[in-house]
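Each chain, letter by letter, is given below.
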2 protein chains.
Amino acid sequence: MEFPKLRNDLILRAARGEDVERVPVWAMRQAGRYLPEFRKVREDHDFFKICRTPELACEITLQPILRFDLDAAIIFSDILVIPQALGLVVEMVPGKGPHFPQPIREPQDLERVATTVDIQMELGYVMDAVALTRVRLDGKVPLVGFCGAPWTLMSYMIEGGGSPSFPHAKRWLYTYPDESTKLLGIITEVCVNYLVAKVKSGAQMLQVFESHAGILTISQFRQFALPFISAIARRVKEALGDEAVPMTYFSRGGHHAIGTIAESGYDVISVDWTIEPEEARKLVGPNVTLQGNLDPCALFSGEEKLASLTRDMLDKFGCKRYIANLGHGMMPDFKPESLEVFVNTVHSHSEKLLS
Amino acid sequence: MEFPKLRNDLILRAARGEDVERVPVWAMRQAGRYLPEFRKVREDHDFFKICRTPELACEITLQPILRFDLDAAIIFSDILVIPQALGLVVEMVPGKGPHFPQPIREPQDLERVATTVDIQMELGYVMDAVALTRVRLDGKVPLVGFCGAPWTLMSYMIEGGGSPSFPHAKRWLYTYPDESTKLLGIITEVCVNYLVAKVKSGAQMLQVFESHAGILTISQFRQFALPFISAIARRVKEALGDEAVPMTYFSRGGHHAIGTIAESGYDVISVDWTIEPEEARKLVGPNVTLQGNLDPCALFSGEEKLASLTRDMLDKFGCKRYIANLGHGMMPDFKPESLEVFVNTVHSHSEKLLS
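Each chain carries its own residue numbering, running from 1 in the direction its sequence is written. In the order they appear in the text, chains get letters beginning with A and ligands get numbers beginning with 1. In keeping with the predicted nature of the model, local features appear solely for residues at pLDDT of at least 70, side-chain atom pairs appear and are counted solely at 80 or more, and the whole-chain, interface and lining totals rest on all residues.

Digging into the overall build of chain A
The secondary structure listing takes helices from DSSP runs of H or I that are at least 4 residues long and strands from runs of E that are at least 2 residues long, numbered from the N terminus. Tallying secondary structure elements over chain A gives 14 helices and nine strands in all. A compact globule built from 355 residues would reach a C-alpha radius of gyration of about 20 Å, and chain A, at 19 Å, matches this within 12%. Along the first, second and third principal axes, the C-alpha set of chain A runs to 60 × 45 × 40 Å. Scored against the burial criterion, the 355 residues of chain A give a buried share of 54%. Throughout, a residue-residue contact means that the two C-beta atoms, derived from backbone geometry, are no farther apart than 7 Å. Intrachain contacts of chain A at a sequence separation of at least 6 include 75% that bridge at least 24 residues. This radius of gyration counts C-alpha atoms alone. The globule rule is 2.2 Å times how many residues there are, raised to the power 0.38. Between the buried cut of 20 or more and the exposed cut of 12 or fewer other C-beta atoms within 10 Å of a residue's own C-beta lies the partly exposed class, and all C-beta atoms are placed from the backbone.

As structure tokens, then:
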């Protein structure tokens, strides 16, 4: 398929370690409830209905691009479409988050999980949304595709929703290590095929979200997270060959492991706000691009303070091998103007630093 | 007041860096819902009713001591009794946790917060519970008193309950830094007087709980947490003089800061399960006792695996300047037998290592 020519490849160059004239910037969950135009669409449509309707997913993906000078779009979807494709029911409960009416609790529940997934049949709607959005973006910025990391998806599937410590999921790691490995393998297989299909449909970069790294011990991370995220990076790149795109791994609370992750095949490591930029660079070494990491709550600050915090972040990360972002996603209570201050400050300050 | 003579001072010696013949062990939330005898008391009494009734608080404090070979008792109470003493209503909602019907949301809400607290009048029930329990313990093991750390208490008071990221409380730090400092100062004052009173009532060791360290940036930790917890250690010890007892600081997710905390006057630093023992020791240096840090969910394991994980923890921490504990509290779904395996393995393995 022929897509419009890309006019802003800043983020792709930063991911590959090439020179940039200004630092690329985007924000996780940049299409979200903090935007009145997003809330308006949500008034009429259920969350997963939007994910499943390419025209709506495309519209919402483009909303922040129309408002702000962002350097990437990320397709509107949810990490839990993979558990759905595996046969589980997932609902989005307003004000509460995701809910699985029938989570996996014991090994025999694995019978309810598909062992293989026909990506086009189960998740074709995402591919349609990606292709449509790539066309509508008209080459303005690259389109990012994403999935949840296997451990994070497994923890939701077992816990059945959010939790401070995911005790049910953790119980599996201790009680059923073999079954855990089996489930992680099934999820990994779907992630690989899903991400490859996304690129073939038009995604120009990929991000894997590990939201629940911070509840694992280091040895659990090495056993139940790292091998699977490494496999995803390796296999997606192998499958795509010359078409391979830069890949990013984001983890919340996974500092104990980011040194190891840097050797696992990802081009970009996205870090949360609790690690200092200099420390993150020391841990990942010079050959990986860092992404992050302003405390999202800094967007509650007044304009001047927010700009100052953003400049400080840039000064610490430097402008090479760096993609500016928040340390986690945008929150419903933020004012849209705050994201504008963040984005514009990244651009103006980095242009100054690079001139 | 004359109390029965202490017959097991292992934990006090470990806290002071003295020699021990076996490693002391206890578990955070060792008096809790995982015990059938606890659930039985809770059937008839509201959570805070138990805190406010010395006879009941004492009974529950002693429950795990009667069952297991623990080296410390911790008075049954809650960190949120301080916000209550400051004038806020706090309810414990079953299956959901603490709930403030009227949280602090804007600076003018500080008018609802008392500026000084008469500890005996507002929290005398805790002192009565401490004194009664100290007598009933009959010198078997030391009695630990505790409070929440100022930032953790402030975050609950503003957020109004648990939250993955405490956005309202974080907003205060960015938007109202002066008012945040003022509120933290008020809380600190109460913590100091409260802990001093606890020791005067019979507590033989103190622990400060920082449950929400992991959502702060490093500079926020330095500005809004560290000065206040340092002040607590310094002022409590000054006020007690010769009567001073060992003090422990526990933080969840506060690794970025434990090196600094080690210089803030605490005798013991209690770490969660996401940090490796060797790394924790490297960060705190040789002159502080470490406490922790088995992943609580390891108690879901079978007996053999749990014992092996416990031995591994001991091998890594070593037996000097060390108090065995979990990396966080006991959970309702645990079997009481698991804590028994943990406690007995700490004792038998450390005796072997020390012989």
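Picking up where we left off.
What to know about the relation of the copies chain A and chain B
Applying a rotation about an axis and a shift along it to one chain copy brings it onto the other copy. Aligned on chain B, chain A shows an RMSD of 0.0 Å; the corresponding rotation is 180° and the shift along the axis is 0.0 Å. Overall, the copies show the geometry of a two-fold rotation axis. Residues of chain A ranked by C-alpha distance from the rotation axis are headed by proline 164 of chain A, positioned 3.4 Å from it. Both copies share a contact surface, since 100% of the interface residues of chain A are interface residues in chain B too. Here the copies are superposed with least squares, the fitted atoms being C-alpha atoms of residues at a pLDDT of at least 70 in both.

Details of the environment of isoleucine 79 of chain A
Residues and elements named next belong to chain A. If you trace the backbone, isoleucine 79 turns up in the loop between β1 (73–74) and α5 (81–85). We classify isoleucine 79 as partly exposed; it has 19 C-beta atoms within 10 Å. Between the alpha carbons of isoleucine 79 and phenylalanine 209 there is a distance of 7.9 Å; along the sequence they are 130 residues apart. Discounting residues that sit within four places of it in the chain, isoleucine 79 has contacts with Cys147, Gly148, Thr152, Leu153 and Phe209.

What about the interface of chain A and chain B?
Counting from both sides, the interface comprises 24 residues of chain A and, opposite them, 24 residues of chain B. The element contributing the most residues to the side of chain A that touches chain B is helix α8 (residues 167–175) of chain A, with five residues. A breakdown of the residues in the side of chain A that touches chain B according to their chemical character gives ten nonpolar, eight polar and six charged. When residue character is reported, Ala, Val, Leu, Ile, Met, Phe, Trp, Tyr, Cys and Pro are called nonpolar, Asp, Glu, Lys and Arg charged, and the others, Gly included, polar.

Some words on the sheet that holds strand β4 (residues 143–148) of chain B
One key point about sheets: their strands pair by backbone hydrogen bonds, in either a parallel or an antiparallel sense. All names here are of chain B. We treat two strands as partners when DSSP finds at least two bridges between them. Judged by pairing direction, the sheet is parallel, and its seven strands sit side by side in the order β1-β4-β5-β6-β7-β8-β9 without closing on themselves. The sheet is open, and its two edges are formed by β1 (73–74) and β9 (322–326), each paired on a single side. With five bridges joining them, strand β5 (residues 205–210) and strand β6 (residues 247–251) adopt parallel strand pairing. Pairing of leucine 206 across the sheet is with methionine 247, part of β6.

Thoughts on the sheet that holds strand β4 (residues 143–148) of chain A
Residue and element names in this part refer to chain A. Pairing is parallel in the open sheet, where seven strands are placed in the order β1-β4-β5-β6-β7-β8-β9. Of all the strands in the sheet, the pair left with one neighbour each is β1 and β9 (322–326). Sheet topology note: the strand β8 (residues 289–294)/β9 ladder contains five bridges and is parallel. Within β9, the residue paired with glutamine 291 across the bridge is isoleucine 323. The axes used here are C-alpha line fits, helices contributing only the stretch in contact, and every angle between their N-to-C directions lies in the interval 0 to 180 degrees. Sheet strands in contact with helix α9 (residues 177–201) are β4 and β5 (205–210), and its direction is about 170° off that of β4.

Overview of the nonpolar core
Nonpolar core, as used here: buried Ala, Val, Leu, Ile, Met, Phe, Trp, Tyr and Cys residues forming one set through C-beta atoms within 7 Å. Core analysis: the largest hydrophobic core is formed by 123 residues, its most contacted members being Ile82, Val144, Leu195, Leu206, Ala225 and Ile269 of chain B. A total of ten residues in this core trace back to one element, the largest contributor, which is helix α9 (residues 177–201) of chain B. Discounting chain neighbours no more than four positions away, the residues touching alanine 225 of chain B are Ala149, Trp151, Glu210, Ala213 and Leu216 of chain B. By size, the runner-up hydrophobic cluster in this structure holds 122 residues, among which are Leu10, Ile74, Val126 and Ala213 of chain A.

Overview of helix α14 (residues 336–354) of chain A
Counted at 1.5 Å a residue, the expected span for α14 of chain A with its 19 residues is 27 Å, and the 27 Å between its end C-alpha atoms agrees. Packing partners of the buried residues in α14 of chain A comprise β8, α13 (303–317) and β9 of chain A. The span you would expect from a helix comes to 1.5 Å times its residue count less one.

Considerations on the packing of α9 of chain A against helix α10 (residues 218–240) of chain A
All names here are of chain A. Their axes nearest at 9 Å, the elements α9 and α10 cross at an angle of 30°. Our classification of the angle between α9 and α10 gives roughly parallel. Seen along the crossing, α9 lies across α10 with a hand that is right-handed. Contact with α9, carried on its side by Ser180, Leu184, Thr188, Cys191, Val192, Leu195, Val196 and Val199, involves Phe224, Phe228, Ala231, Ile232, Arg235, Val236, Ala239 and Leu240 of α10 and no other residues of that element. Note that the term roughly parallel is reserved for angles under 35 degrees, roughly antiparallel for angles over 145, roughly perpendicular for angles of 65 to 115, and oblique for everything else. Each helix crossing is assigned a hand: it is left-handed if the near helix lies turned anticlockwise from the far helix by less than a right angle, otherwise right-handed if that turn is clockwise.

Side note on the pairing of β4 of chain A
All names here are of chain A. Counting buried positions over the six residues of β4 gives six, a clear majority of the element. Burial along β4 is two-sided: the face carrying Leu143, Gly145 and Cys147 and the face carrying Val144, Phe146 and Gly148 are both buried. Inspection of the sheet shows β1 paired to β4 by two bridges, in the parallel sense. Across the sheet, isoleucine 74 pairs through a bridge with valine 144, a residue of β4. Relative to β5, β4 runs parallel, the two sharing five bridges.

Some thoughts on the pairing of strand β6 (residues 247–251) of chain A
Residue and element names in this part refer to chain A. When you tally the buried positions in β6, you get five out of five residues, the bulk of the element. Of the two faces of β6, the one holding Met247, Tyr249 and Ser251 and the one holding Thr248 and Phe250 are both buried throughout. Here the term right-handed applies to a crossover when the path leading from its first strand over the helix to its second strand runs clockwise, the strands being oriented away from the viewer. A crossover connection joins β5 to the parallel β6 through α10; in handedness this β-α-β unit is right-handed. In this structure, β6 lies alongside strand β7 (residues 268–270), joined through three bridges in parallel fashion. Paired with threonine 248 across the two strands is valine 268, which belongs to β7.

Here we look at unusual backbone geometry
Residues and elements named next belong to chain A. The omega angle of the peptide bond from glycine 292 to asparagine 293 is -15°, so this bond is cis rather than trans. Examined against the element boundaries, asparagine 293 turns out to sit in strand β8. Phi at phenylalanine 166 is positive, roughly 50°, even though this residue is not glycine.

Some remarks on the packing of helix α7 (residues 150–159) of chain B against helix α8 (residues 167–175) of chain B
Residues and elements named next belong to chain B. Between α7 and α8, whose axes approach to 7 Å, the crossing angle comes to 110°. In terms of orientation, α7 lies roughly perpendicular with respect to α8. Regarding α7 and α8, the two cross each other, and that crossing is right-handed. Facing Met154, Ser155, Ile158 and Glu159 of α7, the residues of α8 in contact are His168, Ala169 and Trp172. Its residues placed into classes, the contact of α7 with α8 shows four nonpolar, two polar and one charged.

Considering the environment of proline 277 of chain A
All names here are of chain A. Within the secondary structure layout, proline 277 lies in helix α12 (residues 277–284). The partly exposed category is assigned to proline 277, around which 19 C-beta atoms lie within 10 Å. Sequence-distant contacts of proline 277, that is, excluding residues within four places in its chain, are made with Asn293, Met313, Lys316 and Phe317.

Details of the environment of threonine 345 of chain B
All names here are of chain B. With respect to the helices and strands, the residue threonine 345 is situated in helix α14 (residues 336–354). Under the C-beta neighbour-count criterion, threonine 345 is labelled buried, with 21 such atoms within 10 Å. The sequence separation of threonine 345 and leucine 314 amounts to 31 residues, and the corresponding C-alpha distance is 9.5 Å. If we skip the residues at most four places from it in the chain, threonine 345 touches Ala307, Thr310 and Arg311.

Some points on the confidence of the model for chain A
pLDDT runs from 0 to 100 and stands for how confident the predictor is about each residue. Across chain A, the average pLDDT comes to 96, with 100% of residues at 70 or higher. Quick note on the complex model: pTM equals 0.96, ipTM equals 0.94.

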